[in-house]
Amino acid sequence: MSANGSHESLYAGGIWSWLTTVDHKRIGILYFVTGFVFLLVAGIEGQLIRTQLAQPGLRILDPELYNQLFTMHGTTMVFLAGMPLITAFFNYIVPLQIGARDVAFPRLNAFSFWVLLFGGLFLYASFFFGGAPDGGWFAYTPLTNAEYSPGRGMDFYILALLLAGVGSIAGGVNFLVTIVNMRAPGMTFMRLPLFTWMALIVSILILLAFPPFTVGLVFMLFDRTFGTHFYDAAAGADPVLWQHLFWVFGHPEVYILILPAFGVVSDVIPAFSKKALFGYPVVVFSGILIAFLGFGVWVHHMFSVGLGPIVNAVFGGATMLIAIPTGIKIFNWIATLWGGQLRYTAAMLFAVGLVATFTIGGLSGVMHASPPADLQQTDTYFVVAHFHYVLIGGTVFGLFSGFYYWFPKATGRLLSERLGAAHFWLTFIALNVTFFPMHFSGLLGMPRRTFTYAEGLGLDLFNLISTIGAFIFTLAFLPLIANLWRTWRRGEEAGPNPWDAHTLEWTMSSPPPHYNFAVTPRVDRRDPLWHPHVEPGLGWAGEVEPGGVSPRLQPDDPPEPIVMPDPSFWPLFMSIGLLIATIGGLGSLPVTLVGAAWALVGLFGWAFEPSEGGH
Amino acid sequence: MSGPTSTGVSHRKLAMWTFIGSECMLFGTLIATYMIYRGRNIVGPYPADLLNIPFITVTTFVLLMSSLMMVLALSAVQRGDARGTKLWLAMTALFGLIFLGGQYYEFSHFVHEGLGLSRNLFSSSFFVLTGTHGAHVAGGVIWLSTLFIRAQQGKLDRTHAETVEIAGLYWHFVDVVWIVLFTLIYLLV
């Protein structure tokens, strides 16, 4: 297969080839499209919420629908937009960055995607079967028990997240093994690109954080379905057990969402500063430290519960500690920019935008790390302002930065930088116009998750500004869509390394051939492409292209046959079985058993399928 | 995929260790819940009324012995001893089944005595914790039986020793979890 031919052959093929694909790049694309669609859906939900709140006393949405919308907005953004988009980048980029031809378990990778997709579709099916979940994305008991949430909505929430969670844990195992075990020769841990480092840390977070959540969900399901008493204070249960289980997952979860964005920025800023990342080891270790501390701060979501001054003080102090490694990262990015040859591409704009806006969100985070301050701020729009600054200003900016950075690698085409800049500035303005006023409405006492507010409380102007900002958000998607359309029609060829970037994914043609590396590279530094050298016998091959700044260090054709895994139907087959079992969880044991049996058949088909085929 | 790995440990084995790490959090959460709810029962039956320590000690012993059988199965497959592989795999699965039978008897006895799943806080946390463990044992029995059938077909020779080893990792883990459960639920009743 020639490099020119790979443009068509990587993504060509009928629907069947997508249903059975085990190629990490195709699965990455599937994750991206899924995550992006859910991002738009959840964005529309957010837009509806802001429309309802534009003025006091509006009844555009009735309160019941409003509750469903904010619950679905949060749940979708975290589990169906944020995590899939992050996993999309893990899939596409991590194997390329470490010099691998795929992930460790390609079929398990496909399985992770299918159960996530089915979990998302199942959750949204709730709208057609008696109403969506309406207990908030954190589903506090007793509000969500059978007595106070008698509808089907919370059952959909529990079952959908259990199903998607199976995929997350499988993905965590897969990426941990891939990164630990499939690094090219010479790619030591301290030479890993920062994005891959953060993918490794996030995989560990997923593996350790999801099980408590899973158990908490199972308790909730059993309480609702079989009448157990895990969250039943009248039976002697601890009334805040669910809160503990949820937040011991939920706080690491927000680092699952932010650390990959930090990883993207730590790769993008050096590339467009033409400078190695300042203090690489410190950035790596501060990422590890953030993840470690992230398991010891969950009670800061529960300060108002009344666990006592000692507990609150300890968790408040631990929370403030996280500002240290985070601040270290921010100063390292600034020091990398310092004196660099800066190029403000769209990817760079979003990366630098992250450094600015995430810092604002981080500062308000330190404010409510203090329990007395938090008692004023909890459940107000101040908290909404805080986490949108870190989740949009952090995660979303980081993901868009990565999108503009790696789009040419995945498609072989260049996006328009002018439209990209327009997209950035509109998003940046929208973020600040929407969420900065919420600091004020929050400190004035405006409660979250309430469908309207009264006139004359001084909230009217702030809310109107926030709603205008939300409409700018919608507007901000127009240049992005125009950009995609333009590039689809007449995008310039990207070539292997359009940015003159430094890591291994830029050594092969764009898009990469399905086997990625014709020759397994040997790595002897962190930024191999900035020090091109051809050493026959060491595995590097290829030559510096005449006239180009970007050396391509991979030949067009592999010198010897490469064995790649065959497509497989079994991951999809097994996922369908689990979907059926999940549907049965709504109240039909026979359906659950049929689904479980189906999945078991899938498991055996999977286990005994010859797993390797020819190239 | 085949070929050397960065660490020298195969993908599958590393994946099993990683999965076991995740499982520790799963059982850790269930055990923590059980311990928090110990002694908080408002209505009976209470643990001390029903838990039959001598009986469970016997099934615990059987489960511990199954780990020994597992070690012997691995040793046999590594030596290329086809007969030993089949024998010890079958014994491991059989001992797992005996344990599950004991659990079935215990559960139905409790239900008969009025301790259904939804009876009280103890029943909720006890059944979900030990039930989750039992489901893991059942999964292990299915896995071991599959390996036994493969061995019967002559498709489990020395080159597949690692497959048996990984199943063993899982089996020993499930066994270790039971030692913790036996101590915390039964011995500390």
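Residues numbered from 1 in each chain as written. Chains lettered and ligands numbered in written order. Predicted model: local features only at pLDDT ≥ 70, side-chain atom pairs only at ≥ 80, totals over all residues.

Let us now look at the overall build of chain B. Within chain B, the secondary structure is distributed over six helices and zero strands. Written out in order from the N terminus, the α and β elements of chain B read α-α-α-α-α-α. Overall size of chain B, expressed as C-alpha extent along the three principal axes, is 60 × 35 × 25 Å. Residues counted as buried form 37% of the 189 residues belonging to chain B. (Helix = DSSP H or I, 4+ residues; strand = E, 2+ residues; numbered from the N terminus. Buried ≥ 20, exposed ≤ 12 C-beta atoms within 10 Å, placed from the backbone.)

This next bit is on the overall build of chain A. Counting its regular elements, chain A contains 17 helices and zero strands. Here the C-alpha radius of gyration of chain A, 24 Å, is about what a compact globule of 615 residues would show, namely 25 Å. Each principal axis of the C-alpha distribution contributes one length, and for chain A these read about 75 × 60 × 50 Å. A total of 615 residues make up chain A; the buried ones form 56% of that total. Sequence separation of 24 or more characterises 80% of the internal contacts of chain A that already satisfy a separation of 6 or more. (Rg over C-alpha atoms; globule rule 2.2 N^0.38 Å. Contact = placed C-beta atoms within 7 Å.)

This paragraph deals with the confidence of the model for chain B. Detailed reading of the predicted coordinates is not advisable wherever pLDDT falls low. Averaged over chain B, the pLDDT score is 95; the fraction of residues at 70 or greater is 98%. Scored by ipTM, the complex comes to 0.97, with pTM at 0.95. (pLDDT = per-residue confidence, 0-100.)

On to the environment of B:T163, then. Here B:T163 is to be found in helix α6 (residues 161-187). Taking the C-alpha atoms as reference points, B:T163 and B:L74, 89 residues apart in sequence, are found 9.3 Å from one another.

This part is about the interface of chain B and chain A. When the parts of a complex come together, some accessible area is lost, and that lost area is often taken as the interface size. Residue-level contacts link 27 residues of chain B with 30 residues of chain A. At the level of secondary structure, the elements contributing two or more residues to the side of chain B that touches chain A comprise α1 (11-36) and α5 (121-152) of chain B. Here the element with the most residues in the side of chain B that touches chain A is α1(B); it accounts for 13 residues. Looking at the side of chain B that touches chain A residue by residue, the class counts come to 13 nonpolar, 13 polar and one charged. (Nonpolar A, V, L, I, M, F, W, Y, C, P; charged D, E, K, R; others polar.)

For the rest of this paragraph, the subject is the environment of A:S370. Examined against the element boundaries, A:S370 turns out to sit in the loop between α11 (346-367) and α12 (371-377). On a C-alpha basis, the gap between A:S370 and A:H300 in space is 8.6 Å, while along the polypeptide they are 70 residues apart.

With that settled, the discussion passes to the packing of α5(B) against α6(B). Residue and element names in this part refer to chain B. It is at 10 Å that the axes of α5 and α6 come closest, and there the two elements cross at 155°. When the interaxial angle is binned, α5 and α6 end up roughly antiparallel. By crossing handedness, the relation of α5 to α6 is classed as left-handed. Residues F126, L129, T130, H133, H136, V137, G140, W143, L144 and L147 of α5 pack against T163, V164, A167, Y170, W171, V174, V177, W178, L181 and I185 of α6. A class-by-class count of the residues in the contact of α5 with α6 yields 15 nonpolar, five polar and no charged. (Axes fitted to C-alpha atoms, helices over the stretch in contact; angles between N-to-C directions. Parallel < 35°, antiparallel > 145°, perpendicular 65-115°, else oblique. Left-handed = near helix turned anticlockwise from the far one by under 90°.)

For the rest of this paragraph, the subject is the environment of A:R224. All names here are of chain A. One can find R224 in helix α7 (residues 194-226). We classify R224 as buried; it has 20 C-beta atoms within 10 Å. Put simply, R224 and N145 are 79 residues apart on the chain and 5.9 Å apart in space, counted from C-alpha to C-alpha.

Before going further, it helps to examine the nonpolar core. All names here are of chain A. Counting residues in each nonpolar core, the largest one holds 215 residues, and the members touching the most others are L163, L205, L259, V268 and F350. The leading source of residues in this core is α7, at 21 residues. With five residues, the next largest nonpolar core counts Y66, L69, F70 and M72 among its residues. (Core = buried A, V, L, I, M, F, W, Y, C linked by C-beta atoms within 7 Å.)

Another aspect to go through is unusual backbone geometry. Residue and element names in this part refer to chain A. Here the amide bond leading from T141 into P142 is cis, since omega sits at 5°, within 30 degrees of zero. Note on placement: P142 falls in the loop between α5 (106-125) and α6 (153-181). We note that K274 has phi near 55°; this positive angle belongs to a residue other than glycine. Relative to the assigned elements, K274 resides in the loop between α8 (241-273) and α9 (280-293). Accessibility expressed as a C-beta count within 10 Å gives 15 for K274, which makes it partly exposed. You will see that D500, though not glycine, has its phi angle at about 55°, which is positive.

Summarising the model, chain A shows a mean pLDDT of 92, and 94% of its residues fall at 70 or more. Overall, residues 535-550 of chain A carries pLDDT values under 50, and its contacts beyond four positions in sequence, including any with other chains, amount to 28 contacts.

Quick look at helix α16 (residues 570-584) of chain A now. Residues and elements named next belong to chain A. Here α16 is 15 residues long and its end C-alpha atoms lie 21 Å apart, about the 21 Å a rise of 1.5 Å per residue gives. Burial within α16 is extensive, with twelve of its 15 residues counted as buried. Where α16 is buried, its residues touch α2 (15-19), α5, α6 and α17 (589-607). (Expected span 1.5 Å × (residues − 1).)

Residue and element names in this part refer to chain A. The contact between α5 and α16 brings their axes to 8 Å, and the two run at 35°. For the crossing formed where α5 meets α16, the hand is right-handed. The segment α5 lies against α16, with R107, A110, F111, W114, V115, F118 and F122 engaging W570, P571, L572, M574, S575, L578, L579 and T582. A per-class count over the contact of α5 with α16 returns twelve nonpolar, two polar and one charged.

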